[in-house]
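One-letter residues, chain by chain:
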Amino acid sequence: MRKLVGDPKVDLRVLAAMRKVGKPVSIDYIAHETGLSWHTARAVLFKLAAEGRIKVLETTKSWIFLVEGG
């Protein structure tokens, strides 16, 4: 089984997708844009947030994630 969470290449794919759109993104958006499962996308996004590489905000509907500075 491949370990995707913690794989630097997966982190870069997620960050690239976030920078490309240039605005806050949802877990669904990242899953769709990167081809990751929803659960994997969620885990990667929260890992990146815990590391301080992205910001995360809880809204009344869901979580959104953003890269500071575009």
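This text follows the structure it describes.
**Student:** Could you clarify how one ought to interpret the pattern of salt bridges in this entry?
**Tutor:** Pairing between side chains of opposite charge can happen when their charged atoms approach one another. For the structure on display, the rule yields five salt bridges. Between Lys-47 and Glu-51 there is a salt bridge, with its nearest N and O atoms 3.0 Å apart. Judged by its relative accessible area of 45%, Glu-51 is partly exposed. The partner of Glu-68 in a salt bridge is Lys-55, with the nearest N and O atoms 3.9 Å apart. Here the residue Glu-68 occupies a position in the segment after β2 (63-66), and Lys-55 occupies one in strand β1 (residues 55-58), the gap between them amounting to 13 residues. For Lys-55, a relative accessible area of 39% gives the class partly exposed. A single salt-bridge network, built from bridges that share partners, covers Asp-11, Lys-47, Glu-51 and Arg-53.

**Student:** Mind showing me how you'd approach the pairing of β2 here?
**Tutor:** Regular strands show a simple pattern: their side chains alternate between the two faces of the sheet. The pairing of β1 with β2 spans four bridges and is classified as antiparallel. Residue pairing across strands places Glu-58 opposite Trp-63, the latter belonging to β2.

Here is what the cut-offs are and how they apply
- Residues numbered from 1 in each chain as written.
- Predicted model: local features only at pLDDT ≥ 70, side-chain atom pairs only at ≥ 80, totals over all residues.
- Heavy atoms only, no water.
- Salt bridge = Lys/Arg side-chain N within 4 Å of Asp/Glu carboxyl O.
- Buried < 20%, exposed > 50% of the residue type's maximum accessible area, 1.4 Å probe, protein only.
- Helix = DSSP H or I, 4+ residues; strand = E, 2+ residues; numbered from the N terminus.
- Pairing = 2+ DSSP bridges.

In short, the description is geometric, and any link to function would need to be established separately.
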